[in-house]
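Structural description and commentary
As a plain string of letters, each chain reads:
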Amino acid sequence: MSALSLTTVVARRDGFIEAEIDDEVVALSIEHGTCYGLNRAGSRIWNLLASPARIGDLTATLLTEYKVAPDVCEREVLDLLEELRVEGMIEAVE
């Protein structure tokens, strides 16, 4: 599995039931019976991934919505997306 980069396009995988509670997403994997909770920033990223998106575009959107340094935003988005990929919640698409 190659590393994610700002040019990688990612998308949510099917098989999750989700609910939003106080602006935070809770997603349940139907296949594994595992529940995932995302904080507000993570929930925003999850919602942006309703359609496949380039990671660089995600960070650009987040930079307009949050007060964060670009390098910090990029690193944290890449870290979160890698965690979501390891958990099987998202995948890189071609």
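To be clear, the structure that these remarks concern was listed above.
Below: a short report on this structure. (Residues numbered from 1 in each chain as written. Predicted model: local features only at pLDDT ≥ 70, side-chain atom pairs only at ≥ 80, totals over all residues. Heavy atoms only, no water.)

1. Re the pattern of salt bridges
Filter applied, for reference: Salt bridge, as used here: a side-chain nitrogen of Lys or Arg that lies within 4 Å of a carboxyl oxygen of Asp or Glu. Secondary structure is summarised from DSSP: a helix means a run of H or I of at least four residues, a strand means a run of E of at least two, and numbering begins at the N terminus for each. The buried label applies to any residue whose accessible area, calculated with a 1.4 Å probe on protein chains only, is under 20% of its type's maximum; exposed applies above 50%, and partly exposed to all values in between.
One pass over the structure, following the stated rule, counts 6 salt bridges. Between R85 and E82 there is a salt bridge whose closest N-O contact spans 2.9 Å. One end of the pair, R85, and the other, E82, are both in helix α3 (residues 70-86), 3 residues apart, so they sit about a helical turn from each other. On the basis of relative accessible area, R85 is assigned to the buried category, the value being 11%.

2. Quick word on the pairing of strand β1 (residues 9-12)
In plain terms, the rule: Strand pairing is assigned whenever DSSP identifies at least 2 bridges connecting the two strands.
In the sheet, β1 pairs with strand β5 (residues 53-54) via 2 bridges, with the strands oriented antiparallel. Across the sheet, residue V10 finds its bridge partner in β5, namely A53. Examined bridge by bridge, β1 and strand β6 (residues 90-93) share 4 bridges and lie antiparallel to one another. Its bridge partner lying in β6, A11 is registered against E91.

3. Points about the sheet that holds β1
Spatially, β5-β1-β6 is the arrangement adopted by the 3 strands of the open sheet, whose pairing is antiparallel. Across the chains shown, the open sheet's two edge strands, defined by having one partner strand only, are β5 and β6.

4. Things to note about helix α2 (residues 55-65)
Applied cut-off: The directions considered for the arc are those from the helix axis to the C-beta atoms. Contact definition: two residues touch when any of their heavy atoms are within 4.5 Å.
When we look at burial in α2, the residues that qualify are I55, G56, L58, T59 and L62. Along α2, the residues classed as buried sweep out an arc of 155 degrees about the axis, all on the same side. Looking at the buried residues of α2, the elements they touch are β1, α1 (40-48), β5 and α3.

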